[in-house]
Amino acid sequence: MKQIPYEYHNLPIPGGGYVTGFLYSEKERDVLYIRTDIGGTYRFDVKEQRWISLIPHVTMEDLSETFPIALAIDEEKPGSLYIACGVNQPESGVLAISGDYGENFTYEKIPVMIHGNLNGRGTDERLYVRGDIIYYASQQEGLWRSEDKGHSWRKLSALPEEYLTFVTEVEGMLLVGTAGVTTGTGLQPEDLGDESGMMPMRGHSLYISYDNGETFEKVQEPENHAIDGCKLNGLVAQRWCRDEKYLYVTFASTGRRSYVLENGYSCDSGDTIDGHIVRYPFVKTELPKAIEKAGTEKAKSGGGMQSGTAWEWRLGSMEDITPGSASAVKGIGQENIRRGDVLDYGFSGISVSRQTPGMLVASTIVKDDGDSVFLSLDYGENWKQILYDLSEGEIVFRAPYMRPECNGGHSLIHWLSDIKINPFNDSEAWFNSGTGVFRTRNLKDKVCRFTDWCDGIEETVHLNVYSMPKGRVQVIDILGDLGGFAFEELGRACGNSFADAEGNRYITCINADFSDEHPEHLVVTPRGNWTGKTLGGLILSVDQGRTFERLPMPFGLTEDLDEALRLIEHPNVNSGWVAMSPDGKNIVWAVAEGIELPVRRLIASHDGGRTYSCCTVYDKKDCLKTTGKVKVFSDRTDSNLFYGFGGGSDFYISRDGGSTYREYELPAEFPKIDFGLIDCANKTEVRGETGRQGVFYMAIGEGGIWKLEYCAETDNVSLTRLTAPGITAFRMGLGLGSPDGDYYRDSKAIYFNGIVEGKYGFYRTLDQGRTFERLNTDKQMFGEINSIDGDCRTFGRFYLATGSNGVKWGDICGTNR
């Protein structure tokens, strides 16, 4: 098979997703990593001032590395990097090990469930490495230890808690943070949500071991509170840091508005409360003579006792240094900090300076109008708030969609669960957010300036991508969280994502449709944003995505639809799937039920979305169909024709502009496929062919690629399998078929990702599946692929909507861009 050299680039967002933590090397200058929830791990290139993705080699066959939950460095081995990651399956955790800063990896198994995109992912590192010894603090299966670099593992059963938040060694002491679920009270499933007045309470959170995890003791921590309105109470240790005098730990409790309970202890639960920052002095403790010999052996194995001495390090009594507590907060009124005896938010990020004694920074999580950053210069005795929304400190936004005018007039900083001071330069610090990373280079100045620095980070989940056949817009990008973008230039970030007239952004769009002849007409299915300033439903653009109008909601058709539409007007609820006729008059909306598209919720408009009526769908026996699922596509040339793809390979055609559908028989050899799913649950891709009536291509996984043709004159449907048995096609799109071709009239190139001749990759066929060309190398895989489309205007170019590495375009090497 011919392989064509390709180069790949991102359409710049940038950022866009939750960065869950930073990891600096304490001994090697300029070594900094971040982990993300769905986008893998990145290394910062100091020379280029860009983040470098470490997952281009990851394929759809194993996505473990796209979901890291923890990072670690063996400080005695420069270049080492350890990543705990996984795909949320039992006993399927992966330990990725690199000795060259993430350029190449070997792999070991961790016998627990791991996933980087589960609630609680914002806490500190669950992985600690010292030589051959590795500790892993699992998400809900206890503490594990390996003594052979991860090849085999043993569970440390002395720890009484299964739900953990971090593990580390400090001066030979093994410190473990837990979520207090196993040891809690009233935390059985039947207890949670009980209306009887029982107040479920987490158990103890912070433990320490002085014998490498064979036994554990509780570490003193702030008192738990039973807080009115909270369904689950009790503090959870979030993160830690240490300097020459103290160990510092942050705490938070599940908030009143949290939509998660047992794992609802970090910012990703929706709400936290009762935040604390505490410190513990390091204390030299003299060993009794009886254990002096054992202590010497412990020192030899890496413990905290100094060889030849009769003492070891212990933690002293806890001191609460929370901003807003008994310790003073400069410049902030006490009445603005607390409600009753608890803070209305939690604390998470914490970091110390290695150059300036007593200097540390900390961050809140889930604070109204955005999180805060605090600075102390005296070991936490006094604090100054140096960043809060737009009212305290200075923040500059480089990415256009991050600007306050695109976010209701506020800073978009949220989920600020980690902050790190550069260990070699304490004027520089980084913090994370739910939409990228920010840094300052003047942390110690009177006015500290932060700015987003996401160059190279493309960590958004892209659901659909559409090359535009003509017009000023090159690509329509449909994605999670940020909604959608209309790219006029492939290398330049858009001014904003899809938004209303006031600049308030819509979020997570599911799909879009447009007229091939008049692509300025564009209809999209967004969710409403978290602030409530935009609402879900359908939005319509007549200028190719520059501006949008929200179409009227069709209340009053059925009680079921009314209930669904009311729910869609809540924040962050799927709207469904939409199709629009070439003349823009007929719009068919499959209103969502979660990730499904029920037949009973199919509605049609014949006046551009102003009014609607319920569709009628008939099965092969001409009986009215009210159950099942259906996803609808418009014909690319005939405004009267719409096509419905069902939940079990049932297939329907409407000849009256989308109002009435009748089922058609498909060949028995066509596999049973569920087309009625949306969002990331959709595992197919259907593309109508521009310039052809009734022609559709389908990528259906192991079944390969099929071509469907409908002749309106004879009312006949035919199906042809284009790929031979054994060829897998996950996603596919159509592009310009030749360098001098006409996209509207000529045959198309088919681009797809899948398995050909036993090898996964990106492929192209110019002859309807008779021959294939490979378009990538083993270092050009880019993780999960949710959608593919070929470019309509430039031969050889195609687009990848990834679930982990942004939206990319590929060009033949040497092509002028």
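Everything numeric here is computed off the predicted structure, so don't read it as measured data. (Residues numbered from 1 in each chain as written. Predicted model: local features only at pLDDT ≥ 70, side-chain atom pairs only at ≥ 80, totals over all residues. Heavy atoms only, no water.)

1. Some points on the overall build of the chain
- When helices and strands are tallied, the chain shows two helices and 62 strands.
- Taken against the 2.2 N^0.38 rule, which gives 28 Å for 817 residues, the C-alpha radius of gyration of the chain at 28 Å falls within 12% of a compact globule.
- For the C-alpha atoms alone, the extent of the chain along its principal axes is close to 95 × 55 × 50 Å.
- Across the 817 residues that make up the chain, the buried fraction comes to 63%.
- In the structure as shown, the chain presents an accessible area of about 29600 Å², 49% of it carried by carbon and sulfur atoms.
- Averaging the positions of the 84 positive and the 118 negative side-chain charges in the chain gives two centres separated by 3 Å. (Helix = DSSP H or I, 4+ residues; strand = E, 2+ residues; numbered from the N terminus. Rg over C-alpha atoms; globule rule 2.2 N^0.38 Å. Buried < 20%, exposed > 50% of the residue type's maximum accessible area, 1.4 Å probe, protein only. Areas by Shrake-Rupley, 256 points an atom, 1.4 Å probe, with all protein chains shown as cover. Lys, Arg positive; Asp, Glu negative; His and termini not counted. Charge placed at Lys NZ, Arg CZ, Asp CG, Glu CD.)

2. Focus: the side chain of Ser 575
- Position of Ser 575 relative to the elements: it lies in the loop between helix H2 (559-568) and strand S43 (576-580).
- Setting aside residues up to four positions removed in sequence, Ser 575 forms contacts with Thr 525, Pro 526, Arg 527, Gly 536, Gly 537, Ile 568, Trp 589, Ala 590, Val 591 and Ala 592. (Contact = heavy atoms within 4.5 Å.)

3. Let's talk about the sheet that holds strand S61 (residues 798-802)
- Judged by pairing direction, the sheet is antiparallel, and its four strands sit side by side in the order S2-S62-S61-S60 without closing on themselves. In this open sheet, the two edge strands, each paired with only one partner strand, are strand S2 (6-10) and strand S60 (785-790). The mean angle between the axes of side-by-side strands here comes to 25°, regardless of whether they run parallel or antiparallel.
- In terms of strand pairing, S60 meets S61 through five bridges, oriented antiparallel. Following the sheet pairing, Ile 788 is matched in S61 by Leu 800. (Pairing = 2+ DSSP bridges. Axes fitted to C-alpha atoms, helices over the stretch in contact; angles between N-to-C directions.)

4. Structural notes on the sheet that holds strand S56 (residues 728-736)
- Pairing is mixed across the open sheet formed by five strands, whose spatial order is S1-S59-S58-S57-S56. The open sheet is flanked by strand S1 (2-3) and S56, the only strands paired with a single partner.
- Two elements, S1 and strand S59 (residues 773-774), share two bridges in a ladder whose sense is parallel. Paired with Lys 2 across the strands is Glu 773, a residue of S59.

5. Some points on the side chain of Asp 389
- Relative to the elements of secondary structure, Asp 389 occurs in the loop between strand S30 (383-388) and strand S31 (394-396).
- One buried charged residue, Asp 389, forms no salt bridge at all, with the nearest opposite charge on Lys 533 at 10 Å.
- A distance of 3.0 Å separates the side chain of Asp 389 from the side chain of His 410, its partner in a polar contact.
- There is a polar contact of 3.0 Å between the side chain of Asp 389 and the backbone nitrogen of Ser 411.
- Contact partners of Asp 389, with chain neighbours within four places excluded, come to Asp 369, Asp 371, Ile 395, His 410 and Ser 411. (Salt bridge = Lys/Arg side-chain N within 4 Å of Asp/Glu carboxyl O. Polar contact = N/O pair within 3.5 Å; in protein donor to acceptor, adjacent residues only side chain to side chain.)

6. Description of the pairing of strand S5 (residues 41-45)
- Across the five residues of S5, four count as buried, placing the element largely inside the fold.
- Where strand S4 (residues 32-36) lies against S5, three bridges are found, and the strand directions are antiparallel. Of the residues in S5, the one forming a bridge with Ile 34 is Tyr 42.
- Linking two consecutive strands that pair antiparallel, namely S4 and S5, is a turn of four residues; a positive phi of about 75° is found at Gly 40 within it.
- As paired strands, S5 and strand S6 (residues 50-53) are joined by four bridges and run antiparallel to one another. Paired with Asp 45 across the two strands is Arg 50, which belongs to S6.
- The hairpin turn running from S5 into S6, its antiparallel successor, is four residues long, and Gln 49 in that turn takes a positive phi close to 55°.

7. So, the nonpolar core
- Counting 49 residues, the largest nonpolar core has Trp 51, Trp 430, Phe 431 and Val 437 as the members making the most contacts within it.
- In this structure, Phe 431 is in contact with Phe 22, Val 373, Leu 387, Ile 413, Leu 416, Asp 418, Ile 419, Gly 436, Val 437, Phe 438 and Phe 450, ignoring residues within four places of it in sequence.
- Trp 577, Val 632, Tyr 664 and Leu 708 belong to the second largest nonpolar core, which has 40 residues in total. (Core = buried A, V, L, I, M, F, W, Y, C linked by side-chain atoms within 4.5 Å.)

8. A word on the packing of aromatic side chains
- Under the defined criterion, the tally for this structure stands at 43 aromatic pairs.
- Ring centres 6.2 Å apart and planes at 75° place the aromatic pair Phe 282 and Trp 313 in the edge-to-face group. Of this pair, Phe 282 sits in strand S21 (residues 272-286) while Trp 313 sits in strand S22 (residues 311-315); the two residues are 31 residues apart in sequence, bridging distant segments of the chain.
- Above the ring of Trp 311, the side-chain terminus of Lys 284 is found at 4.3 Å from the ring centroid.
- A cation over an aromatic ring shows up here: Arg 662 above the ring of Tyr 618, its NZ or CZ 4.6 Å from the ring centre. (Phe/Tyr/Trp six-rings, centres within 6.5 Å; stacked < 30°, edge-to-face > 60°. Lys NZ or Arg CZ within 6 Å of the ring centre and 35° of its normal.)

9. Some details on the confidence of the model for the chain
- Summary statistics for the chain give a mean pLDDT of 93 and a share of 94% for residues scoring 70 or more.
- Below pLDDT 50 for its whole length, residues 326-340 participates in 31 contacts with residues either more than four positions away or in separate chains. (pLDDT = per-residue confidence, 0-100.)

10. Concerning the pattern of salt bridges
- A full pass over the atoms with the stated rule returns 55 salt bridges.
- A salt bridge links Glu 549 to Arg 610, with the nearest nitrogen and oxygen atoms 2.6 Å apart. Taken together, the positions of Glu 549 in strand S42 (residues 549-550) and Arg 610 in the loop between strand S45 (602-605) and strand S46 (613-614) put the pair 61 residues apart, joining distant regions of the chain.
- Among the salt bridges present, the one from Lys 629 reaches Glu 596, with a minimum N-O distance of 4.0 Å. Of the two residues, Lys 629 sits in the loop between strand S47 (616-618) and strand S48 (630-634) while Glu 596 sits in the loop between strand S44 (587-591) and S45, which places them 33 residues apart along the sequence.
- Salt bridges sharing common partners tie together Asp 124, Arg 239, Asp 418 and Lys 420.

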